[in-house]
Amino acid sequence: MDKFWKSFKSGTDIRGVAVDGVEGEPLNLTDEVVGKMAKAFLLWLSQKTGKKPSELKLAVGHDSRISADRIRSAVVSAMVECGANVLDCGLSSTPSMFMITLDKQLDGSVQITASHHPYHRNGLKFFTPAGGLDGCDIEAILGFCDEGSFPEAVEGGIAEPIDYMKEYAAHLRDIICKGINSEHYDRPLKGLHIVVDAGNGAGGFYAYDVLEPLGADISGSVFLEPDGMFPHHIPNPEDKEAMKSICGAVLNSHADLGVIFDTDVDRGGAVDNLGAEINRNRLVALASAIALENCPGGTIVTDSTTSAGLRTFIEGSLGGVHYRYRRGYRNVINRAVELNAQGIDCPLAIETSGHAAMRENYFLDDGAYLVTMIIIKMAQLRASGESLAVLTADLEDPLEECELRFRITAEDFKEYGQKVLSDLEKYAEAREDWIIADDNREGIRVSFEEEQGWFLLRLSVHDPIMPLNLESMKEGGTRAIAKKLCAFLQGCGSLDLTAIEKFIGE
């Protein structure tokens, strides 16, 4: 494939530069390019369904980015030009663009989003009623663009505006009413104060159309209005400033709970009434506690970077099985689906980034659905005089944790990175105090008893980078582990070790 088209592939999404004027990042998501991508998706979907492109029914939505309307217009116009029927959904969450394929019996949908990336970037995310597309599907679509293979233009295509988010919000309200099942059935959140930080993305609907109609006090909520320049903070639950924002909103308004979403609401996080973050490993722990209530002994699939304390919590306190897998939310979700197909009871796939997909919800990574489950559980516990904290009280947090990243300077970065991991495994095997994990499904994870911690070195899927995660329950433990590893890494001539040398003070 030509480098131009290949450059748009970002895992299971298409992403590029949609706004001109940022130095070093020329505009490449032009109307013409986007139109070709939309037509290529029609061709791919036509082959998948056995229908003519003119027989296809689709939906198109977008997040709050400033380039959204331009790209929406290009996508819708290209599809209509090929005779397709399109539901034009306007501002929407990414999960809603999957749900609409089921509710309206569509062949597919497109969400225009670049998640938490800067304002000038944008992209396309595709769904069928079977779920989100995988990386190989994105390659096929871009391959059609490269070949110039597109459906013919035919008459008869139409675009119809629809406010599907109202229906999606009603769906979430119904879940809350049924889940809490209080004597005030239609107002189950009365007496609860919940603040929302939407980061000026697409998540403001959750406050106005889900929580408030159910009786919740949403005063103190922040950045609910869509603004594609994201003037206050990056809409990303992993971002420190974003989490500082929602923590402050909870404390300032004396709320019972705070929730935060990324730009397109496929990820979420929370904050308890004391302003403490329910995020990353603690979010995984809380979601696991909720998922395993009705699935005793079930398997929780997570990414590879989860803490040692989380495994102890899932397997010791909850009685479940912790299955560490690779980074990448599609990897985690797909593995959970595969395990269920093998007869392994797996109710939850979740990444520390906040992507959480429950089996009961089509294994869709939906931040609003995750938050909805948390709110239901909070209301149930409150009725018996308890709080969410009781569910994760046994989770032990690491004293120290960090991530360092090493750039690979070798031309074939994948081959070189794999050699580094292979050599490191042999190096670790030769040392008595290096305990290699028995579930290395990505990179190599090694524990150290004296330092009460571990490291995980892995290879980025798409970039010439080797990330290193470090964790310890002991002060100075991560630095001590890094020093031990550095003795090996210094023999790797094509790795830029600036980050670890700075970390250990050499």
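Worth saying up front: this structure is predicted, and the values here are computed from it rather than measured.

Here we look at the overall build of the protein
Looking only at helices and strands, one finds 15 helices and 23 strands in the protein. Taking 506 residues into account, the globule formula puts the C-alpha radius of gyration at 23 Å, and the protein, at 23 Å, falls close to it. Dimensions of the protein, computed from C-alpha atoms along their principal axes, come out at roughly 70 × 60 × 45 Å. Counting over 506 residues, the protein shows a buried share of 58%.

Some points on the environment of Leu 224
As for its position among the elements, Leu 224 is in the loop between helix H7 (205-211) and helix H8 (240-253). Discounting chain neighbours no more than four positions away, the residues touching Leu 224 are Val 196, Ala 198, Gly 204, Ala 207 and Tyr 208.

Points about the packing of aromatic side chains
Remark: the centre distance and the inter-plane angle together describe each pair of aromatic rings, the angle taken between the planes. According to the stated counting rule, one finds 16 aromatic pairs in the structure shown. Ring geometry for Phe 98 against Tyr 362: centres 5.8 Å apart, planes inclined by 65 degrees, an arrangement best described as edge-to-face. Of the two residues, Phe 98 sits in helix H4 (residues 94-103) while Tyr 362 sits in the loop between strand E16 (356-358) and strand E17 (364-365), which places them 264 residues apart along the sequence. The class for Phe 98 is buried, based on a relative accessible area of 3%.

Some remarks on unusual backbone geometry
The backbone of Phe 230 sits at a positive phi, close to 45 degrees, despite the residue not being glycine. Positive phi outside glycine occurs at His 254, with the angle close to 55 degrees. Within the secondary structure layout, His 254 lies in the loop between H8 and strand E10 (257-261). Taking relative accessible area as the criterion, His 254 reaches 68% and is therefore assigned exposed.

Quick word on the pairing of strand E13 (residues 299-302)
The side chains of a regular strand alternate, first on one face of the sheet and then on the other. Both faces of E13 are covered, namely the face carrying Thr 299 and Val 301 and the face carrying Ile 300 and Thr 302. Pairing analysis gives four bridges linking E13 to strand E14 (residues 321-324), with the strands arranged parallel. Note that in E14 the partner of Thr 299 across the bridge is Val 321. Handedness of the β-α-β unit built from E13, helix H10 (residues 308-317) and E14 comes out right-handed. Alignment of E13 against strand E15 (residues 348-350), held across three bridges, turns out to be parallel. Within E15, the position partnered with Val 301 by the bridge is Ala 349.

Calculation criteria
- Residues numbered from 1 in each chain as written.
- Predicted model: local features only at pLDDT ≥ 70, side-chain atom pairs only at ≥ 80, totals over all residues.
- Heavy atoms only, no water.
- Helix = DSSP H or I, 4+ residues; strand = E, 2+ residues; numbered from the N terminus.
- Rg over C-alpha atoms; globule rule 2.2 N^0.38 Å.
- Buried < 20%, exposed > 50% of the residue type's maximum accessible area, 1.4 Å probe, protein only.
- Contact = heavy atoms within 4.5 Å.
- Phe/Tyr/Trp six-rings, centres within 6.5 Å; stacked < 30°, edge-to-face > 60°.
- Pairing = 2+ DSSP bridges.
- Right-handed = clockwise from strand over helix to strand, strands pointing away.

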